[in-house]
Amino acid sequence: MNIIVTGFEPFLDNEINPTLEVLKLLPKNIEGHNIITVRLPVLYDQCFDVLKPYIIKYNPGIIINLGLAAKRNNICLERVAINMSHSTHKDNAGVVKIDETIIKDGENAYFSKLPIRKILYKIGEKGIPVVISNTAGLYVCNNIMYHVLHYINSNNLNIKAGLIHVPFMDSQVQNKLENSLPIDTILEAVLDSIKASIE
């Protein structure tokens, strides 16, 4: 089986995105399954334009999109993506979207196809802070999650897919009170997410 894991380029005032650092550290193979990593631009809709050819080429059984949630201190397993883009923050092309539908004829929302409860238990067993989150935000992370799930639904594909938000890496924060985890911990959580999705 092929497994696609995506990360985002740096955005806003973040010089590093921990999701890209995770991609660099992932093995090429997990339990006999191929890991394909894809760097995505922080651009509304165009992020999926970059990913779509990989889905067509590799016909993956699993797609895990990773995103940075700078204000959170847990690994966040996103339950739902909604058909809306809205943020006062610009994407990396300077685009601001206010109350904009992502896909006009799309469903209002799609639920994650990842086994998030199983992932929660697997990560939690190790004492890594992890929660199921009911909002992926309305920025580019929600945008990619919605696009992927809409594509799977529209084409009747049997793919486990969803989004996982991670906090800052420890090395990115100056104040220990800020939200962060060691990169090794973030990587371990992503590896466990992959393994739980394979099972």
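First, a word on scope: everything that follows refers to the structure included in this document.

What counts as what
- The residue numbering used here restarts from 1 in each chain and proceeds along that chain's sequence as written.
- Confidence filtering applies because this is a predicted model: local features only for residues at pLDDT of at least 70, side-chain atom pairs given and counted only at 80 or more, and all residues used for totals across whole chains, interfaces and linings.
- The side-chain figures draw on all heavy atoms in the structure; neither hydrogens nor water molecules are used.
- Any cysteine sulfur atom paired with another within 2.5 Å is treated as part of a disulfide.
- Burial status follows relative accessibility: with a 1.4 Å probe on protein chains alone, a residue under 20% of its type maximum counts as buried, one over 50% as exposed, and anything between as partly exposed.
- Strands are runs of DSSP state E lasting at least two residues, helices are runs of H or I lasting at least four, and both sets are numbered from the N terminus onward.
- In this analysis, strands are considered paired if DSSP registers two or more bridges between them.
- The axes are straight lines fitted to the C-alpha atoms, using for helices just the contacting stretch, and the angles between their N-to-C directions are given from 0 to 180°.
- Crossing handedness is defined as follows: a turn of the near helix away from the far one that is anticlockwise and smaller than a right angle gives a left-handed crossing, while the clockwise case is right-handed.
- Here, two residues are considered to be in contact whenever any of their heavy atoms come within 4.5 Å of each other.
- Following the grouping adopted for this structure description, the nonpolar residues are Ala, Val, Leu, Ile, Met, Phe, Trp, Tyr, Cys and Pro, the charged ones are Asp, Glu, Lys and Arg, and the polar ones are all others, Gly among them.
- Aromatic rings from Phe, Tyr and Trp, with only the six-membered ring used for Trp, were paired whenever their centres fell within 6.5 Å, and each pair was classed as stacked if the ring planes differed by under 30 degrees, edge-to-face if by over 60, and tilted otherwise.
- Nonpolar core, defined: a set of buried Ala, Val, Leu, Ile, Met, Phe, Trp, Tyr and Cys residues in which side-chain atoms within 4.5 Å join the residues together.

A closer look at the state of the cysteines
Simply put, disulfide is the name for a covalent bond between the sulfur atoms of two cysteines. Throughout the structure, instances matching the rule amount to zero disulfides. Cysteine cysteine 76 is unpaired, with the sulfur of cysteine 141 as its nearest cysteine sulfur at 11 Å. For cysteine 76, a relative accessible area of 3% translates into the label buried. Between cysteine 141, a free cysteine, and cysteine 47, which holds the nearest cysteine sulfur, the sulfur-to-sulfur gap is 8.8 Å. On the basis of relative accessible area, cysteine 141 is assigned to the buried category, the value being 9%.

Some thoughts on the pairing of strand β11 (residues 160–166)
Extensive coverage of β11 is indicated by the burial of six of its seven residues. When strand β4 (residues 62–68) meets β11, the two strands line up parallel, connected through seven bridges. Bridge pairing in β11 places asparagine 65 opposite leucine 163.

Let's talk about the packing of helix α2 (residues 46–58) against helix α4 (residues 140–154)
Here α2 crosses α4 at 35°, and the two axes come no closer than 10 Å. When the axes of α2 and α4 are compared, the crossing they make is right-handed. Contacts between α2 and α4 involve Cys47, Phe48, Leu51, Lys52, Ile55 and Ile56 from the first element and Val140, Asn143, Ile144, His147, Val148 and Tyr151 from the second. For the contact of α2 with α4, a count of residues per class yields nine nonpolar, two polar and one charged.

A short note on the packing of aromatic side chains
The full count for this structure, using the stated rule, is five aromatic pairs. For the ring pair phenylalanine 11 and tyrosine 139, a centre distance of 5.9 Å and an interplane angle of 40° mean the geometry is tilted. Taken together, the residues phenylalanine 11 in the loop between β1 (2–8) and α1 (18–25) and tyrosine 139 in the loop between β10 (130–133) and α4 connect sequence positions 128 residues apart. Like phenylalanine 11, the residue tyrosine 139 is buried in the burial classification. Between the aromatic rings of phenylalanine 48 and tyrosine 151, the centroid separation amounts to 5.6 Å while the plane-to-plane angle is 55°, which identifies the pairing as tilted. Placement of phenylalanine 48 in helix α2 and of tyrosine 151 in helix α4 is noted, with a sequence separation of 103 residues between them. Put simply, the rings of Phe11, Tyr44 and Tyr139 pair up and form one aromatic cluster.

A word on the nonpolar core
Phe8, Leu51, Ile55, Ile144 and Val148 are the most contacted members of the largest nonpolar core, which totals 34 residues. Residue assignment for this core shows that the elements contributing at least two residues are β1, β3 (33–40), α2, β4, α4 and β11. Counting residues per element, this core draws most heavily on α4, which supplies nine residues. Isoleucine 55 has contacts with Ile4, Phe48, Pro60, Ile63, Tyr151 and Ile159, leaving out every residue within four places of it along the chain.

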